[in-house]
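Overview (structure and organization)
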Amino acid sequence: MPFDRADEDELYQEHILDHYEDPFHRGSCPHTTHAHEDDNPLCGDVVRIELDVDAAADKIQDAYFNGDGCCISQASASMLVEHVTGKSLEEVRNFKAEDMLALFGAKLTPNRQKCCLLSWRVLQQAIYSPTAQATTAEPLGPPRTLEQADREDHGS
Amino acid sequence: MPFDRADEDELYQEHILDHYEDPFHRGSCPHTTHAHEDDNPLCGDVVRIELDVDAAADKIQDAYFNGDGCCISQASASMLVEHVTGKSLEEVRNFKAEDMLALFGAKLTPNRQKCCLLSWRVLQQAIYSPTAQATTAEPLGPPRTLEQADREDHGS
Amino acid sequence: MALASSSLTTVSGFDPESIRGDFPILQTRLHASGDNPGVPLVYLDNAATTQRPRQVIQSLVDVYEKHYANVHRGIHWLSDQSTDLYEEAREKVRTFINAREREEVIFTHGTTESINCVARSWGDANVRAGDEVLLSEMEHHANLVPWYQLAERTGCKVRHLPITDDGRLVMDALPQVLSERTRLVGITAVSNVLGTINPLPEIIRQAHAAGAKVLVDAAQSVPHMATDVQSLDCDFLAFSGHKMLGPSGVGILYGKRALLEEMPPFLGGGSMIRRVRLDGFEPADLPAKFEAGTPPIVPAIGLGAAIDYINQIGLDAIHAHELLLTRRAHDVLEALDAGVRFLGPKPEEKAGIVSFTLKNVHAHDVAQLLDRAGVAVRAGHHCTMPLHKRLSCTSSSRASFYFYNTLGEVETFGRALGDALRIFKRK
Amino acid sequence: MALASSSLTTVSGFDPESIRGDFPILQTRLHASGDNPGVPLVYLDNAATTQRPRQVIQSLVDVYEKHYANVHRGIHWLSDQSTDLYEEAREKVRTFINAREREEVIFTHGTTESINCVARSWGDANVRAGDEVLLSEMEHHANLVPWYQLAERTGCKVRHLPITDDGRLVMDALPQVLSERTRLVGITAVSNVLGTINPLPEIIRQAHAAGAKVLVDAAQSVPHMATDVQSLDCDFLAFSGHKMLGPSGVGILYGKRALLEEMPPFLGGGSMIRRVRLDGFEPADLPAKFEAGTPPIVPAIGLGAAIDYINQIGLDAIHAHELLLTRRAHDVLEALDAGVRFLGPKPEEKAGIVSFTLKNVHAHDVAQLLDRAGVAVRAGHHCTMPLHKRLSCTSSSRASFYFYNTLGEVETFGRALGDALRIFKRK
Ligand SMILES: Cc1ncc(COP(=O)(O)O)c(C=O)c1O
Ligand SMILES: Cc1ncc(COP(=O)(O)O)c(C=O)c1O
């Protein structure tokens, strides 16, 4: 039976607590071209991600997050925006749920995986969500729905 | 725990089988003043009772039943019409569910009591159900509803 | 006759004696008192509900003693365990009926609730006055009343696919009763009275061609024969745990994902929502959307254990063995020479259900007298009053088998019936 | 502190150690591995669901091993036994809540289904556009969503009785939100988050004076304090077996007979009908009318065993002991000096439920870190999103007690919380 327990000591390890207490790029992106916000209603975690996408260079120039929630949801958001800064959109699209869990590092029970994947879901949506101000933003290909993201999330 | 089992040998004793196979007054009452029919939908038992009530003498002159169903429902109907022939309406009204079960004789589980009490319920309704033809029939006091009969049946 | 029986046992290839020890209740002796050792229980009421093996009972005890908490919502250790076991059970059900996705498998409390869920949720949203719902004349009340209620609410019309005198669907009539007004066909896979195994693929093909959805009442089929919802292509399928060794209080609604996604929620409460405000709510994703409140956690886990047990025996072996018992029961009843009338087709065309009437003995008396001999059969209309009316009888007796029944039990049934008849033939 | 604890134990007069041996799961050790013996389970998630004593588990095993069949419909021996046990359980419930008649006690599958039944059956028949349903701001989703669904169907309006910042009903506002348009007041007896014990008699008096019916969500009160539906004079009352030592999969709907008689059936199927024709049906008498299909037979019988167990302990002793634990939990939390905010009133004014937030630690992290110490608490919105919104927080942690919890466990809870805080205060 799958009663393997995540190691909680590992969960609250320095690396994660550092991101929680001293996050990377928490706040507003100075020049936002794309943004998305979502929550995990079950626990109330909220994450907003703002991106500065250079469409010509196909690159994420800058990334910021904001939000409210548990250590996992907030630390993982911090790790994620740090990780994707400078990456190509192609790389972001290919960054799957399991890559996010690997980036986070600590083993998580399915329940807590939802917390960790919140920012990942928000990011996957954000790259298809140009903001009104960013009129220069180009369409970035067919938008992937949240349901699709959901299914990949389970399927992979 | 109330797992006392009715003695089934007793249930199919001569006395009861006699009534089932050679019933008393099965058929139509030659001069019907009151009648009622009902069924037990759970098992499909049907009983109709027809009475010749002499309102002046406050007496059941004659009683017949007809119907279809299990040994208990039909034998008990036969016993009942035999028993109430010649009785006063007062006596019929005072003839309670437990009297009916006593008249039947054999012990019955709650499920089979319903079969035995079908004819009793029909009779209790019949005395308040003058037939259209019997224009001479007098009202016999406030009718008791089936729900009332039901509650007394459980309550007593 | 004893010899014939044992040679037949070999034919079916499955020997129920090898597993009867797993079923504590089958060791019961009835009507013992004082010196009287009583009689062994012969349980032939399996279409009403089945008994459970030790393995299923133990699965319940294990959960209550070691793993129990509420599912989904907690993040503590026990809650994770309960959730894992509950979702494992869902996966077992999914595999058992070959659903494509786990989100298509909804835990309900029984066939009845499953069908009501479709009638209220899908029905109220998709059926209008003038539309039609097509049912067969052999449906259980569970697949009639919810549609009559829908008709009362919406003004739609319920039509009925007729049956033959020997209890088979009049398939030739299907094109006439199906029309572009038909929104849904509700059909039992196996009749709980007749035993008839209905030609689902053909019905579903024609229904879909007419643009209708199909709900299959699989209460009497899933426990006894292989079910593949993908190859069937049915839209909804409903069944109960308690008719397949599972615990009391759990059932399944299968639905195609696209349909379930579109449907509004049925019961409202915890878990089935994504968000609740003081002025409204958003439903949750599948399957939670249709699992309001605390689900039947432990019964669901027990149903998983029941499926494990059934898989171990094998549905082919089960079906073959039941056919054997059914054949023998027909022979035994005919040999009684008591004016037996079978409701339903020949053994070869049906599942392990033998309903009958006798010329001079009422069904209730049959059941009562059989009970004296330890034989549990059911008597009445078996929740199919319209079917009984169609067959012009108010009630019938029914012996229904599961794989743990033996040919010896069928003989006991026949002998007890013979004794019962003698009581009524005393003159 | 140990001394204080033990003297407090004497005060409550009930020693949980005397009965903890009855609960197998409470002997569990968590997170054991290799040489690590793990930590004892401290189960403080009783508002979500309770654990079961051996006696209740055994009652299930007994039924499955000795007495199980389908109820009501059979006339064989096993069916009689199941029926007797099932109806005995109904009688136990009747006595437990002091209903006048057994017909007023309906077995459902849980509080959620019970409330949905009232909203669909009574609601659809009695509530019209322009009518109002009055709920409180502290209701569980189970007592919100069914009414929002009713509002969608009928166009009625849902209003809310406000609460104070410390989680008590603003009773002064009741006359303003109640009007002759109010058809029903839905109110929780005890909040599953705040613990608040609501003044039901006064609410019911005013509601009745305004001509409204009252449905009481008693999921959190029936397990913990005496309930008398006759003296309360509520019209409907709903609760769940699994929150009171009972099995998974059974709940109760109590309704006044006159109301239940008038209401149309909710779920359609077997048992709930008196007669079915091809063109309609007549409902059965109470309580069968609201028990469509095969009911949760064994869970219902197990609920009877749970009631026996609770009666043996005594609801007064249970309530007193829980108050003791609640007081201690408040003290322990305050002593942490971690910016604790309690949701809900003072211990004296509430049931054994302690919800709280900490200044710098999210509720999920609290639960996760407590779990490491074997302490099971719940974190989230506890199916009360509007209440959390009202209190301006998205989630909280909740420790909830039952009589088997000990003061020692409350100390463990406090210690574990202290350890958790130190993790977040490392800088
Ligand atoms: C106050 C309250 N009402 C209703 C419910 C729903 O109960 P259930 O999930 O058993 O249907 C709960 C429990 O979660 C509750 O605490
Ligand atoms: C064909 C059929 N449909 C539906 C049902 C109803 O199942 P349940 O009572 O478990 O809801 C039954 C069983 O009685 C059945 O045999």
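Everything quoted here is computed from the prediction, not taken from an experiment. (Residues numbered from 1 in each chain as written. Chains lettered and ligands numbered in written order. Predicted model: local features only at pLDDT ≥ 70, side-chain atom pairs only at ≥ 80, totals over all residues. Heavy atoms only, no water.)

1. Quick notes on the overall build of chain C
Scanning chain C for helices and strands turns up 15 helices and 17 strands. Taken over the C-alpha atoms alone, chain C extends approximately 75 × 55 × 35 Å along its principal axes. Expressed as a percentage of the 427 residues in chain C, the buried residues total 70%. The contacts in chain C between residues at least 6 apart in sequence include a share of 71% that link residues at least 24 apart. Carbon together with sulfur atoms contributes 51% to the accessible area of chain C, which is approximately 13100 Å² in total. (Helix = DSSP H or I, 4+ residues; strand = E, 2+ residues; numbered from the N terminus. Buried < 20%, exposed > 50% of the residue type's maximum accessible area, 1.4 Å probe, protein only. Contact = heavy atoms within 4.5 Å. Areas by Shrake-Rupley, 256 points an atom, 1.4 Å probe, with all protein chains shown as cover.)

2. Observations regarding the domain arrangement of chain C
Accessible area lost during the coming together of the parts is what is often quoted as the interface size. Residue and element names in this part refer to chain C. Taken domain by domain, chain C consists of domain 1 (16-40 + 314-426) and domain 2 (55-312). On the domain 2 side, the residues contacting the 32 residues of domain 1 number 36 residues. Carbon and sulfur atoms supply 60% of the area that domain 1 and domain 2 bury against each other, a total of about 2600 Å² over both sides. If you look at where domain 1 meets domain 2, you find 3 salt bridges. (Domains from an automatic or database assignment. Buried area = accessible area lost by both parts, 1.4 Å probe. Salt bridge = Lys/Arg side-chain N within 4 Å of Asp/Glu carboxyl O.)

3. Brief notes about the sheet that holds strand S1 (residues 34-40) of chain B
All names here are of chain B. Across the sheet, which stays open at both edges, the 3 strands sit in the order S1-S2-S3 with antiparallel pairing between neighbours. Each having just a single partner strand, S1 and strand S3 (59-68) make up the two edges of the open sheet. Neighbour to neighbour, the strand axes of the sheet diverge by 15° on average, direction disregarded. Where S1 lies against strand S2 (residues 45-54), 7 bridges are found, and the strand directions are antiparallel. The partner of histidine 36 across the bridge, within S2, is isoleucine 49. Those strands touched by helix H3 (residues 71-84) are S2 and S3, and its axis lies near 170° from that of S3. (Pairing = 2+ DSSP bridges. Axes fitted to C-alpha atoms, helices over the stretch in contact; angles between N-to-C directions.)

4. So, the confidence of the model for chain C
Residues of chain C with pLDDT of at least 70 account for 96%, and the chain-wide mean is 94. Overall fold confidence for the complex sits at a pTM of 0.93, while the interface term, ipTM, reaches 0.90. (pLDDT = per-residue confidence, 0-100.)

5. So, the interface of chain A and chain D
Across the contact, 23 residues belong to chain A and 18 residues belong to chain D. Across the interface of chain A and chain D, roughly 1700 Å² is buried in total on both sides, 48% from carbon and sulfur atoms. Where chain A touches chain D, the interface holds 1 salt bridge. When the shortest N-O distance is used, the salt bridge between arginine 112 of chain A and aspartate 365 of chain D registers 3.9 Å. For the pair chain A and chain D, the number of links is 4 residue pairs in polar contact (both at pLDDT 80 or more). (Polar contact = N/O pair within 3.5 Å; in protein donor to acceptor, adjacent residues only side chain to side chain.)

6. Structural notes on the site of ligand 2
Neighbouring ligand 2 are 15 residues; Thr112, Asp217, Gln220, Ser240 and Lys243 of chain C lie closest to it. Chain contributions to the surroundings of ligand 2 come from chains C and D. A distance of 2.5 Å is found between an oxygen atom of ligand 2 and a side-chain nitrogen or oxygen belonging to threonine 112 of chain C. Coverage of ligand 2 by the protein amounts to 98% of the 390 Å² it exposes when considered alone. Put simply, ligand 2 lies in the second largest cavity. Looking at the shell around ligand 2 residue by residue, the classes come out as 2 nonpolar, 10 polar and 3 charged. (Near = heavy atom within 4 Å. 1 Å grid on protein atoms, 1.4 Å probe; cavity = no way out; pocket = protein on both sides within 12 Å on 5 of 7 lines; lining within 4 Å. Sits in = over half its atoms within 2 Å of the grid points. Nonpolar A, V, L, I, M, F, W, Y, C, P; charged D, E, K, R; others polar.)

7. A look at the site of ligand 1
Within the structure, ligand 1 sits among 15 residues, and Thr112, Asp217, Gln220, Ser240 and Lys243 of chain D are positioned closest to it. Surrounding ligand 1 is a set of residues that belongs to chains C and D. Here histidine 140 of chain D contributes a side-chain N or O atom positioned 3.1 Å from an oxygen atom of ligand 1. Serine 240 of chain D has a polar side-chain atom sitting 2.6 Å from an oxygen atom of ligand 1. The cavity where ligand 1 resides is the largest cavity. Residues of the shell around ligand 1, tallied by class, amount to 2 nonpolar, 10 polar and 3 charged.

8. Focus on the packing of helix H12 (residues 315-335) of chain C against helix H15 (residues 407-424) of chain C
All names here are of chain C. Between H12 and H15, the shortest axis-to-axis distance is 10 Å and the interhelical angle comes to 20°. Between H12 and H15, the angle falls in the class roughly parallel. As for how H12 packs across H15, the hand of that crossing is right-handed. Residue-level inspection shows Leu324, Leu325, Arg328, Ala329, Val332 and Leu333 of H12 in contact with H15, the latter providing Leu407, Val410, Glu411, Phe413, Gly414 and Leu417. Among the residues making up the contact of H12 with H15, the classes are represented as 9 nonpolar, 1 polar and 2 charged. (Parallel < 35°, antiparallel > 145°, perpendicular 65-115°, else oblique. Left-handed = near helix turned anticlockwise from the far one by under 90°.)

9. Overview of the packing of aromatic side chains
Tallied over the entire structure, the rule returns 29 aromatic pairs over all chains. Consider the rings of tyrosine 12 of chain B and phenylalanine 424 of chain C, whose centres lie 5.8 Å apart with planes at 70°: the pair is edge-to-face. Of the two residues, tyrosine 12 of chain B is situated in the loop between helix H1 (8-11) and helix H2 (14-21) and phenylalanine 424 of chain C in helix H15; the pairing between them involves two chains. For the residue pair tyrosine 12 of chain B and phenylalanine 424 of chain C, the accessibility class agrees, reading buried in each case. Of the aromatic side chains, those joined through ring pairs into one cluster are Phe14, Phe23, Tyr309, Tyr402, Phe403 and Tyr404 of chain C. The ring centre of tyrosine 68 of chain D lies 4.0 Å from the NZ or CZ of arginine 52 of chain C, which sits over that ring. (Phe/Tyr/Trp six-rings, centres within 6.5 Å; stacked < 30°, edge-to-face > 60°. Lys NZ or Arg CZ within 6 Å of the ring centre and 35° of its normal.)

10. Considering the relation of the copies chain D and chain C
By a simple turn and slide, chain D fits onto chain C: the slide is 0.0 Å along the axis, the RMSD is 0.0 Å, and the turn is 180°. With respect to symmetry, the two chain copies, as superposed, fit the operation of a two-fold axis. When each C-alpha of chain D is compared by its distance to the rotation axis, glycine 249 of chain D comes out closest, at 2.9 Å. (Least-squares fit on C-alpha atoms with pLDDT ≥ 70 in both.)

11. With respect to the interface of chain D and chain C
Facing 85 residues of chain D, the contacting portion of chain C comprises 86 residues. Counting the surface lost from both chain D and chain C, the interface buries some 6800 Å², and carbon and sulfur atoms represent 65% of this. The largest share of the area that chain D buries against chain C comes from Tyr64, Ile75 and Leu278 of chain D, three residues that together contribute 11% of it. The interface formed by chain D and chain C contains 0 salt bridges. In this structure, the connection of chain D to chain C is made through 30 residue pairs in polar contact (both at pLDDT 80 or more). Counting residues per element, the side of chain D that touches chain C draws most heavily on helix H3 (residues 54-67) of chain D, at 8 residues. Partitioned by chemical class, the residues of the side of chain D that touches chain C number 43 nonpolar, 26 polar and 16 charged.

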